[in-house]
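# Survey of secondary and tertiary structure
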Amino acid sequence: MANAKRDGASPEDVRDLRNAIEWMKKEGDIIFTDKEVDPNLEITGIQKQMDGGCPILFNNVKGKPYHRCITNLFGDMNVINKMFGWKDHADRSRKLAYAITHPIAPVVVDQKDAPVQEEIFEKPAEANDYVVPIRHTNLEPELTVGSGNRLISGEYFNGGTDLGYNRMNFRWGNVGTFQISPGSHMWQVVSKYYRDNKMVPITMNFGLPPAGSLLAGAGFDYVILPQGCDEVGIAGAVQGAPMRLVKSRTVDAYSLADAEVVLEGYVNPRDRRFETAESEKAGVQGRFHFHPEWAGYMGKAYKAPTFHVTAVTTRKRESKPIIFTLGVHTLDDHNIDTTIREASMFELCERMQPGIVMDVNIPYCMTDWGGAIIQVKKRNKIEEGWQRNFMAAILATSQGSRLVIAVSEDCDPYDMDDVMWCLTTRVNPKTDIINPLPGGRGQTFMPAERMTAGEKEWTASNTSFEGGMGIDATVPFGYESDFMRPVYPVEQIDLKKWFSDKDIQNVKSRMHGWVLSLARTGR
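Residues numbered from 1 in each chain as written. Predicted model: local features only at pLDDT ≥ 70, side-chain atom pairs only at ≥ 80, totals over all residues. Heavy atoms only, no water.

### Details of empty space enclosed by the protein
Here is the rule: Buriedness of a pocket was judged along seven lines, with at least five required to meet protein on both sides within 12 Å; pockets are open sets of points on a 1 Å grid over the protein atoms alone, cavities are sets where a 1.4 Å probe fits but cannot get out, and lining residues have an atom within 4 Å of a point. Grid points are joined across faces, edges and corners, and a volume is the space filled by probe spheres set on the points. Counting from the N terminus, the helices are DSSP H or I runs at least four residues long and the strands are E runs at least two residues long. In the scheme used here, Gly and all other residues not listed as nonpolar or charged are polar, with Ala, Val, Leu, Ile, Met, Phe, Trp, Tyr, Cys and Pro taken as nonpolar and Asp, Glu, Lys and Arg as charged.
A full pass over the atoms with the stated rule returns three cavities of 30 Å³ or more. Each pocket or cavity is described by its volume, and for the largest cavity that value is around 450 Å³. Taken together, 30 residues line the largest cavity, and the ones lying closest to its centre are Tyr165, Asn166, Arg167, Ser181 and Trp369. In terms of residue count, strand S7 (residues 161-165) provides more of the lining of the largest cavity than any other element does, four residues in total. Looking at the lining of the largest cavity residue by residue, the class counts come to 14 nonpolar, ten polar and six charged.

Structure representation (structure tokens):
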């Protein structure tokens, strides 16, 4: 599986972002522009108009003569499937589930052999000079850095490695706010050292090899990816060769040797500051707009721990290091946040009872961590009911999950029209809607959850979780003939026998929505 010879790009093609860009260029899967682009609104405005399209490389970034920017890197998962040799979305989840349990341990290289340490800048006055802050919308009062990937390792992560995202705002030169999602791996680490007022050394890596960016999106599935797991090793299994680490120059931590830029430093759990000047002036958390969130709403400014930069290491600046300016609430961001999550849910179900779950999909409209659709196949009467165990387990162990839908093998889990048809025709509202116990822990990025705080500050400590919901839209075992779907003979028909290519294209261009899935399957 993960170690076997595969189709797609070779490990050498994806060992760093630059090689991956060259591979995508050869495949015709990336576009470039030399026109100047402004990180203030223009990059994300372009990305949103081209959301779901191929990667975009900006070679000329306003105010950043030593940088290039890439976005939409994961906008089209067909590109990523091809890159890593996955034949389709279902194959991807299975292969990634295998990689989770079969990591390839990273290797440590000498500092002189690490591309990301070609140039060293200790005690930088302005961290923003070495990265590319962006602004998504006119509602945000300040630019932010949201595309860096933290790397925690060694004793600070129980002997394992952790990659993840944390938005930062360097309002004080080389000191910035460091937002940490409650319940996340980073939250677990900081909580452990908060009592002792101990600094946590980390690196923030920019321009990772694609497999590293993919693993950085893994989050809130800690039954499958517990503290102490090796996320860098899993990334190695994904790319088919070990990821390379290098010892940091100024802190007790490691960097990804093949990244483009690294900020070294430490997180101070107790030095908490407001993310924006607006919220600081008002002295209020969770009310003022700041940085969009994965749930599809504007985020809020909070008081957050701080990240203190002790050094910047980078590839030669003349080569224009590439920053992945990830826009939040884009398909790019969604695919990063859900791909490993889908595989983790698949693995969770397989561990509970193998052979029943067929696929897991988190469509864009289910907002990253908000839910999932699981496809199951019941092979005998005894397996009836496992789909409900799966849904309850996902809602309980995948923090933030609010809605899980189970469908049968004849439903296309990637077509929301097909899923809605199943909800309409196969669900008994008295028996097929499952409401786990409320009062647990969710995520405060959902406005409905924030509102439970009432007049108190909209922070994690003041909000409550209403509980998730599972919907069983599967066909009851033994009643398959009563739920038999008509299948038209599409595979027996060659339209070219009757129509010209022009006529066929004329008709096909007018087809949208559910008819596309039905035409493909004949249902």
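### Digging into the pairing of strand S9 (residues 175-178)
Under the convention used in this document: Pairing between two strands is assigned when DSSP locates at least 2 bridges connecting them.
Pairing between strand S8 (residues 168-169) and S9: two bridges, direction antiparallel. Bridge pairing links Met168 to Phe178 in S9. Between S8 and S9, which pair antiparallel one after the other, the connecting turn spans five residues, and Gly173 there sits at a positive phi close to 75°. In this structure, S9 lies alongside strand S16 (residues 303-314), joined through three bridges in antiparallel fashion.

### Notes on helix H7 (residues 231-239)
For the record, the criterion: Under the scheme applied here, a residue whose accessible area is under 20% of the maximum for its type counts as buried, over 50% as exposed, and between as partly exposed, the area being computed with a 1.4 Å probe on protein chains only.
Most of H7 is tucked away: nine of the nine residues are buried. For H7, every residue scored as buried is listed here: Glu231, Val232, Gly233, Ile234, Ala235, Gly236, Ala237, Val238 and Gln239. In the stretch just after H7, Gly240 is the one whose phi turns positive, near 85°.

### Quick word on the layout of surface pockets
Its volume calculated, the second largest pocket comes out at about 380 Å³. Counting residues per element, the ones that place at least two in the lining of the second largest pocket are helix H3 (77-84), helix H4 (89-101) and helix H9 (331-352). Examining the composition of the lining of the second largest pocket, we find that six residues originate from one element, H9, more than from any other. Residues of the lining of the second largest pocket, tallied by class, amount to eight nonpolar, seven polar and three charged.

### Points about the nonpolar core
Put simply, the rule reads: Residue types Ala, Val, Leu, Ile, Met, Phe, Trp, Tyr and Cys, when buried and joined through side-chain atoms within 4.5 Å, form a set referred to as a nonpolar core. Note on contacts: a residue pair is in contact if any heavy atoms of the two residues lie within 4.5 Å.
Counting residues in each nonpolar core, the largest one holds 117 residues, and the members touching the most others are Leu263 and Phe307. Those residues within four positions of Leu263 in sequence are excluded, and the remaining contacts are Val131, Met168, Phe170, Ile202, Thr203, Met204, Phe206, Phe307, Val309, Ala311 and Val312. Counting residues in each nonpolar core, the second largest holds five residues, with Phe220, Tyr222, Trp294 and Trp369 among its members.

### Details of the packing of aromatic side chains
Keep this limit in mind: Each pair of aromatic rings taken from Phe, Tyr and Trp, with Trp reduced to its six-membered ring, is defined by centres within 6.5 Å and is described as stacked if the planes are under 30 degrees apart, edge-to-face if over 60, and tilted in the remaining cases. Ring-over charges, as used throughout, are those where CZ of Arg or NZ of Lys falls within 6 Å of the ring centre and within 35 degrees of the ring normal.
Taken as a whole, this structure holds nine aromatic pairs when the rule is applied. With 5.1 Å between their ring centres and 65° between their planes, Trp294 and Trp369 make a pair best called edge-to-face. Here Trp294, found in the loop between strand S14 (289-292) and strand S15 (298-300), pairs with Trp369, found in the loop between strand S18 (357-361) and strand S19 (371-376); they are 75 residues apart in sequence, far enough to count as distant. One exposure class covers both Trp294 and Trp369, and it is buried. Sitting over the face of the ring of Phe32, Lys25 holds its NZ or CZ atom 5.5 Å from the ring centroid.

### As for the packing of H4 against H7
Our working rule: Lines fitted to the C-alpha atoms define the axes, with helices restricted to the stretch that makes contact. Angles between their N-to-C directions range from 0 to 180 degrees. Just so you know how the angles are binned, under 35 degrees is roughly parallel, over 145 roughly antiparallel, 65 to 115 roughly perpendicular, and the rest oblique. Each crossing is labelled by how the near helix is turned from the far one, with a counterclockwise turn of less than a right angle marking it left-handed and a clockwise turn marking it right-handed.
Their axes nearest at 8 Å, the elements H4 and H7 cross at an angle of 135°. Comparing their axes, H7 and H4 come out oblique. Between H4 and H7 the crossing geometry is right-handed. Each of Leu96, Ala99 and Ile100 in H4 lies in contact with H7, whose residues at this interface are Ile234, Ala237 and Val238.

### Observations regarding the side chain of Gln387
For clarity, the threshold we go by: Polar contact is defined as a pair of N or O atoms within 3.5 Å, subject to the rule that within protein one atom must be able to donate a hydrogen and the other to accept it, and that residues adjacent in sequence are counted only when both atoms are side-chain atoms.
If you trace the backbone, Gln387 turns up in helix H10 (residues 386-397). Side chain to side chain, Gln387 and Asp472 meet in a polar contact 2.8 Å long. Excluding residues that lie within four positions of it along the chain, Gln387 makes contacts with Ile374, Val376, Lys378, Ala406, Asp472 and Thr474.

### Description of the pattern of salt bridges
Here is the rule: Each salt bridge in this description consists of a side-chain nitrogen of Lys or Arg and a carboxyl oxygen of Asp or Glu lying within 4 Å of one another.
Throughout the structure, instances matching the rule amount to 29 salt bridges. The partner of Asp16 in a salt bridge is Arg315, and the shortest N-O contact between them spans 3.2 Å. Highlighted residues: Asp16 in the segment before helix H1 (17-27) and Arg315 in the loop between S16 and strand S17 (322-324), separated in sequence by 299 residues. With relative accessibility at 7%, the residue Arg315 sits in the buried group. Through salt bridges with shared partners, one network takes in Glu12, Arg15, Asp16, Arg18, Glu260 and Arg315.

### Describing the sheet that holds S18
On the basis of which strands lie adjacent, the open sheet formed by five strands has the order S18-S19-S20-S22-S21 and mixed pairing. Each having just a single partner strand, S18 and strand S21 (433-434) make up the two edges of the open sheet. For strand S20 (residues 403-408) and strand S22 (residues 469-473), the ladder comprises five bridges, and the chain directions are parallel. Residue pairing for S22: Val404 is matched across the bridge by Gly470. Running at roughly 85° to S22, helix H11 (residues 416-426) makes contact with S19, S20 and S22 of the sheet.

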